[in-house]
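One-letter residues, chain by chain:
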Amino acid sequence: MAGLLGAAPPFESSVRGAGALIVGTPRSSPLVARLELSPDLAEVGPEGFVVRDVVVDGHRALAVAAPGDIGVLYGIFHLLRKMQCGARPEDVAATETPRLRHRMLQHWDNLDRTVERGYAGSSIWDWHKLPDYVSPQYEDYARANASIGVNSVLLTNVNANALVLTEPYLHKVAALAGVLRPYGMRVFLSARFSAPIEIGGLSTADPKDASVVAFWRDKADAIYRVVPDFGGFVVKANSEGQPGPGDYGRTHAEGANLLADALAPHGGTVFWRAFVYANDGREDRARQAYNELAPLDGEFRDNVLLQVKNGPIDFQPREPFHPLFGAMPRTSLAAEFQLTQEYLGFATHLAYLAPLLRETLDSDTFAPGPGSTVARVLDGTAQRRPAGGMVAVANIGTDRNWCGHPFAQANWFAFGRLAWNPGLAAEAIADDWLRMTFTGDDRFVGPARRMMMESREAVVSYMTPLGLHHLMAWDHHYGPGPWVAEGRADWTSVYFHRADERGLGFDRSATGSNAVAQYAPPLRDRFGHEGTCPETLLLWFHHVAWDHEMRSGRSLWDELCHRYSGGVDRVRAMLHTWDSLDGLIDDARHRHVGALLRVQEREARWWRDACLLYFQTFSRRPIPPELEAPAGTLDDFIRIRHHYVPGI
Ligand code: BDP
């Protein structure tokens with residue numbers, strides 16, 4: 001992706017010595033049909049490819065061969081990436097098969113072109129002009145996704161509008177599908193569960209009602225008439241006010257199966273979101289999705305994937321992995337990540353998210369046994385199931401650089417690469433991206449890569465260190481709001497941090513909400529005790545006394561102060577690194593990133609000062625004198641108001 005927009009070393013220099021390039025499938029190229037490749041093309045699967053040095057009639061050549069056209073395209077993008085990253089011709093050989101079947105970007109884009117939690121301009125889908133005007137940007141988008149292996153897209157917001165399922169919109173969808181198809185991408189739509197009422201003229205959306213069943217069957221037939229390779233539906237049901245099967249006393253499985261049955265004859269898939277909570281306001285929000293969905297394991301149709309957010313709350317800078325990953329052995333799962341940085345500084349803060357994705361993917365669920373990492377649950381090897389998927393809430397909009405922050409595109413890139421191969425190292429992905437996007441000059445790449453690798457941890461430190469979570473300002477989530485106490489309880493900050501005179505943190509151990517019981521035994525024990533819980537998650541699982549001694553030897557309060565301050569220091573170090581790279585890349589992007597890092601440094605201080613002053617009202621302890629003192633009073637911070645914050 002980035003490589004297509006960046007500068008490539010001359011093609012000839014990279015393949016020199018290889019002689020010629022042979023590209024194709026056995027059907028499209030007689031030369032490819034004659035090649036004896038190992039492994040055999042049939043073994044790489046419908047999306048896989050092989051890149052090999054070959055000898056044909058005594059001539060050396062480089063072959064990019066695949067069983068299908070899309071594999072050839074992926075193979076070519078592999079080659080281009082290798083060349084752009086300066087690989088030697090002998091290092092481009094590869095045998096690749098995507099480990100996950102579904103690799104989807106999900107746009108929270110509304111039909112009026114606003115984007116929920118979008119920080120990069122408006123929606124790129126120009127519904128008003130579609131289907132007659134098909135912007136060339138759609139093809140750029142498709143090509144960018146194909147270059148990183150993304151093979152499907154949800155076009156519309158999970159907070160769905162049933163209108164997209166009406167005939168006029170389906171023709172618009174068909175036009176988009178037509179552009180994406182040659183790039184191996186299938187389109188999905190969000191299905192509003194109450195669509196039978198809103199656009200079908202029915203009085204109910206009950207999944208057991210025959211007229212509702214007929215509505216969805218007819219709707220699926222109508223969609224496939226105009227989009228023959230339609231991917232299927234993504235559904236947010238009975239969550240945050242959305243309609244769902246629960247409105248009729250039916251389970252999530254009954255709701256999902258209703259849609260799955262309508263799609264099945266056409267080969268479509270349902271992504272049913274596990275982001276459900278508030279079935280019981282008294283229950284810890286972190287426990288609710290598991291409570292409701294784990295008992296339904298085995299009840300979902302084969303063409304349903306349960307789409308589970310990486311953590312049990314909501315895309316926080318750091319969360320433990322979602323316990324459902326270890327609890328659904330008879331259900332196909334897709335992990336949902338958020339690239340748009342709703343909780344990580346919008347498109348203003350530099351936060352490279354591959355380390356966050358890695359952290360989830362590498363988490364061992366211990367179900368059924370040790371080594372059952374989330375990555376292995378998703379690719380099906382842990383449970384011996386068909387491969388599942390990875391989806392990500394897109395960070396894409398009409399901004400000239402697509403994603404708002406010049407470095408935010410790295411997250412789109414990293415998502416695609418990790419969804420293709422959940423074993424890739426975050427650092428290697430960053431390296432590729434920097435070389436393809438800016439320059440291959442090691443004087444730039446090394447320091448910039450280290451800066452990227454530090455960046456997410458910096459955000460964790462200045463926003464929510466030690467397992468704190470959901471301290472963001474009300475509703476728009478821009479900036480700190482640890483004092484937020486009004487409104488629905490499980491949307492407030494005080495619900496999550498539970499600060500009092502004794503200490504800080506949410507007790508989810510056996511003495512508290514017992515959310516730890518949703519993890520397999522070794523983890524349940526590890527998370528369940530203050531002494532063994534990783535400090536990075538301490539306040540997620542425990543209410544800890546202010547004078548509790550941390551591993552550093554400091555008290556919890558002093559450690560908290562050090563973590564917040566350390567976060568600011570890390571951003572300053574990033575800024576310093578970036579300034580030192582002046583002259584190694586183009587001025588425009590260097591200035592752009594520099595300006596945003598200055599905002600990030602200011603906002604990191606804002607976070608640190610506001611949170612420490614607020615928590616100090618409970619700890620009643622001084623901020624250690626060796627640390628920078630807050631600039632202002634708590635009231636100054638509480639009084640800050642922002643208008644027209646993007647994304648809502
Ligand atoms: C939350 C967002 C909200 C989304 C919701 C979801 O604040 O806008 O609708 O997630 O994932 O993070 O459905």
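Model, not experiment: these values are computed from the prediction.

## Some thoughts on the nonpolar core
Step number 1: One finds Tyr141, Trp216, Met390 and Phe615 to be the most contacted residues of the largest nonpolar core, which totals 204 residues.
Step number 2: Among the elements that take part in this core, helix α20 (residues 587-619) stands out by supplying eleven residues, more than any other.
Step number 3: Sequence-distant contacts of Trp216, defined by excluding residues within four places in its chain, comprise Leu165, Ala191, Arg192, Phe193, Ala195, Pro196, Phe233, Leu258, Leu259 and Ala262.
Step number 4: Within the second largest apolar cluster, twelve residues are counted, among which are Val32, Leu37, Val56 and Ala65.

## Some points on the sheet that holds strand β9 (residues 269-273)
Step number 1: Strand order in the closed barrel made by the eight strands is β5-β6-β7-β8-β9-β10-β11-β12, with parallel pairing throughout. Strand-to-strand twist in this sheet, taken as the mean axis angle between neighbours without regard to direction, amounts to 25 degrees.
Step number 2: Pairing analysis gives three bridges linking strand β5 (residues 102-106) to strand β6 (residues 152-154), with the strands arranged parallel. Residue pairing for β6: Met104 is matched across the bridge by Ser152.

## Topic: the sheet that holds strand β3 (residues 59-65)
Step number 1: An order of β1-β3-β2-β4 is seen for the four strands of this open sheet, with the pairing classed as mixed. Every interior strand has two partners, whereas the edge strands, β1 (20-24) and β4 (94-96), have only one. Strand-to-strand, the axes of this sheet are offset by a mean angle of 30 degrees, without reference to chain direction.
Step number 2: Bridging between β1 and β3 involves five bridges; their strand directions are parallel. Its bridge partner being in β3, Gly24 is matched across the sheet by Ala65.
Step number 3: Its contacts with the sheet put helix α4 (residues 69-84) on β1, β2 (49-56), β3 and β4, and the angle it makes with β2 is roughly 80 degrees.

## Focus: the domain arrangement of the protein chain
Step number 1: Structurally, the protein chain comprises domain 1 (2-96), domain 2 (102-436) and domain 3 (460-506 + 543-638).
Step number 2: Measuring from the centre of the C-alpha atoms in domain 1 to the corresponding centre in domain 2 gives 31 Å.
Step number 3: Taken together, the contacts link 16 residues of domain 1 with 19 residues of domain 2.
Step number 4: Both sides together, the interface formed by domain 1 and domain 2 hides about 1,500 Å², and carbon and sulfur atoms give 62% of it.
Step number 5: Notably, a salt bridge pairs Asp432 with Arg81, separated by 3.6 Å at the nearest N-O pair.
Step number 6: In terms of residue count, the dominant contributor to the side of domain 1 that touches domain 2 is α4 (six residues).
Step number 7: Of the residues belonging to the side of domain 1 that touches domain 2, the class tally is ten nonpolar, three polar and three charged.

What counts and what doesn't
Residues numbered from 1 in each chain as written. Predicted model: local features only at pLDDT ≥ 70, side-chain atom pairs only at ≥ 80, totals over all residues. Heavy atoms only, no water. Core = buried A, V, L, I, M, F, W, Y, C linked by side-chain atoms within 4.5 Å. Buried < 20%, exposed > 50% of the residue type's maximum accessible area, 1.4 Å probe, protein only. Helix = DSSP H or I, 4+ residues; strand = E, 2+ residues; numbered from the N terminus. Contact = heavy atoms within 4.5 Å. Pairing = 2+ DSSP bridges. Axes fitted to C-alpha atoms, helices over the stretch in contact; angles between N-to-C directions. Domains from an automatic or database assignment. Buried area = accessible area lost by both parts, 1.4 Å probe. Salt bridge = Lys/Arg side-chain N within 4 Å of Asp/Glu carboxyl O. Nonpolar A, V, L, I, M, F, W, Y, C, P; charged D, E, K, R; others polar.

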